[in-house]
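An overview of the molecular structure
The residues making up each chain are set out below.
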Number of protein chains: 2
Amino acid sequence: MSVSLAIQESSSSRDRILDVAEWLFARRGFNGVGLREVADQAGLGKSSLFHHFQTKSELYCQVILRTLERIRAHVQPALDSDGTAAGRLDRVVDALIDALVGDPPSARLLLRSMFEDEMLPESAHELPEHKAAECETESMLSDFGMLIREGIDSGVFRRVSVPHTIQSLIGAIVFHFASGELGEKLIHSELLAPEAVAARRREVKDLLRHGMVAEDSATAGEKK
Amino acid sequence: MSVSLAIQESSSSRDRILDVAEWLFARRGFNGVGLREVADQAGLGKSSLFHHFQTKSELYCQVILRTLERIRAHVQPALDSDGTAAGRLDRVVDALIDALVGDPPSARLLLRSMFEDEMLPESAHELPEHKAAECETESMLSDFGMLIREGIDSGVFRRVSVPHTIQSLIGAIVFHFASGELGEKLIHSELLAPEAVAARRREVKDLLRHGMVAEDSATAGEKK
DNA sequence: GTCTATATCACGATAGAC
DNA sequence: GTCTATCGTGATATAGAC
């Protein structure tokens, strides 16, 4: 309906295909999307796709890789910024949310890609795009980990488990923006509405800072 | 390989089909699973499935519903328990983790089901199993919300956003156990290994209690 | 680069014997 | 309740004209 639209009329066929495929793969997954539908929405015949991408897997992997690189581009300045680990983590959270909001299908696409690897054909795992995507993922998770580790070592953060904290961050951020109808029913708003995005930023960062417990200054150390 | 196995030889055909389908749908999604494969692994011919389930959609919806009901059965006692909202929330977290760990495919299955609804055929949305599953989901989210609301009203929790906190909880808990290879690479352990599960319980509950910041008793109120 | 036409295959579902 | 056989469809991918 109003979901898939425009996509830019003045771009190259290749970019139009990638844009259409990104939306479709995000909403219905690798196996749920037919190249016929991609071709139609990109304004081409089905066979024309194979002049731009040799296989469906290659198209898929290029979509994933492009999304990861966009996120990296958003997050890198925050990682490189100055200040305490806590301040930088806040900026990373903001940058990650910026990236996901600026590329609406990306949250779902990434969440799906995390557990749809095994339903790609064997051959897809040999594609350079696939390996590059894996590498980019590892690299970003590693950078997040180093930031958290630095925060612990400098005494700014508790002695959290670094990998578990990364998992919680991904869960709290990426999952939220991937949650679609379920999330929108919960928050009674579109996930990408400006106030909803602002609220999400605030809630995630406050949760990271204070947890859920009220007035921990007064009762800290007493509980547990 | 070592993933799909045994499944109980002494159960009814119907239960074997449900068990096999649960594993397969969890790993590859609705469109990624063929009834041929379900039948093979259940030890039946493909056509025999249609004597137990009229359509693939019906099989899928019954798998989802069964999973939701198992989770409800685990979580209900925690919701009904006594004590502060904080204590009950801890028990709910534990119960939810118990449920996900006790039914290994369930985390992925649920995460997938949250955004695979729209790739089911139209007819599936009219199935009683589908409506029951939607109802069960809403009901459980509502119960979580009431618990958090009560914690805020009684002054135990900060004035968090209830729906956003639910989203963070789902993200931190369900996503983690659905994250598969990615999560296992991060934590350097199988997700369901007892120590890994114990660590996850601890990390999630500590994050809810204290956030990430160290020694908030000393610096509370100074930041922001 | 894009098209039409087609090859090949797997899918969900049905019919009907046993 | 399970089977074999089959129908109709839509998938990825290819061949080759324009």
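Here is what the cut-offs are and how they apply
Residues numbered from 1 in each chain as written. Chains lettered and ligands numbered in written order. Predicted model: local features only at pLDDT ≥ 70, side-chain atom pairs only at ≥ 80, totals over all residues. Heavy atoms only, no water. Helix = DSSP H or I, 4+ residues; strand = E, 2+ residues; numbered from the N terminus. Buried < 20%, exposed > 50% of the residue type's maximum accessible area, 1.4 Å probe, protein only. Contact = heavy atoms within 4.5 Å. Lys, Arg positive; Asp, Glu negative; His and termini not counted. Charge placed at Lys NZ, Arg CZ, Asp CG, Glu CD. Near = heavy atom within 4 Å. Polar contact = N/O pair within 3.5 Å; in protein donor to acceptor, adjacent residues only side chain to side chain. Nonpolar A, V, L, I, M, F, W, Y, C, P; charged D, E, K, R; others polar. Domains from an automatic or database assignment. Buried area = accessible area lost by both parts, 1.4 Å probe. Salt bridge = Lys/Arg side-chain N within 4 Å of Asp/Glu carboxyl O. Least-squares fit on C-alpha atoms with pLDDT ≥ 70 in both. Expected span 1.5 Å × (residues − 1).

1. Considerations on the overall build of chain A
Along the backbone of chain A there are eleven helices and zero strands. Secondary structure elements of chain A, listed N to C terminal, follow the sequence α-α-α-α-α-α-α-α-α-α-α. Taking all 224 residues of chain A together, the buried fraction comes to 57%. Across chain A, every contact between residues at least 6 apart in sequence was considered, and the portion connecting residues at least 24 apart equals 64%. Taking the average place of the 26 positive charges on the side chains of chain A and the average place of its 35 negative ones, the gap between the two points comes to 3 Å.

2. What to know about the protein's contact with DNA strand D
Residues in close proximity to DNA strand D total 15 residues, the closest being S47 of chain A together with G45, S47, H51 and H52 of chain B. Near the protein, meaning within 4 Å, the atoms of DNA strand D are sugar or phosphate in a fraction of 41%, with bases accounting for the rest. Here a phosphate oxygen of DNA strand D sits 2.9 Å away from a polar atom, N or O, in the main chain of L35 of chain A. Within the surface near DNA strand D, the residues separate by chemical class into four nonpolar, nine polar and two charged.

3. Here's the deal with the domain arrangement of chain A
Residues and elements named next belong to chain A. As assigned here, chain A comprises domain 1 (1-54) and domain 2 (64-223). A straight line from the C-alpha centre of domain 1 to that of domain 2 covers 27 Å. Summed over both partners, the interface of domain 1 with domain 2 buries about 1000 Å², with 57% contributed by carbon and sulfur atoms. The tally of links from domain 1 across to domain 2 stands at three salt bridges. Split by residue class, the side of domain 1 that touches domain 2 holds five nonpolar, two polar and five charged.

4. Observations concerning the pattern of salt bridges
Counting across every chain of the model gives 40 salt bridges over all chains. The salt bridge involving R27 of chain A is made with E118 of chain B; its shortest N-O contact spans 2.8 Å. One end of the pair, R27 of chain A, is in helix α1 (residues 13-32); the other, E118 of chain B, is in the loop between α6 (106-114) and α7 (128-153), on a second chain. Residue class for R27 of chain A comes out partly exposed when judged on its relative accessible area of 28%. Here R108 of chain A makes a salt bridge to E118 of chain B, at a shortest N to O gap of 2.9 Å. With R108 of chain A in helix α6 (residues 106-116) and E118 of chain B in the loop between α6 and α7, this residue pair bridges two chains. Judged by its relative accessible area of 8%, R108 of chain A is buried.

5. Things to note about the relation of the copies chain A and chain B
At an RMSD of 0.1 Å, chain A and chain B line up after a rotation of 180° and a shift of 0.0 Å along the axis. Expressed as an axis order, the relation between the two copies is that of a two-fold axis. Of all interface residues in chain A, 98% are interface residues in chain B too; the two copies therefore contact each other through one and the same surface.

6. Quick word on helix α5 (residues 85-102) of chain A
Given a rise of 1.5 Å per residue, 18 residues ought to cover 26 Å, and the 25 Å separating the end C-alpha atoms of α5 of chain A matches this to within 8%. With 14 of its 18 residues buried, α5 of chain A lies for the most part within the structure.

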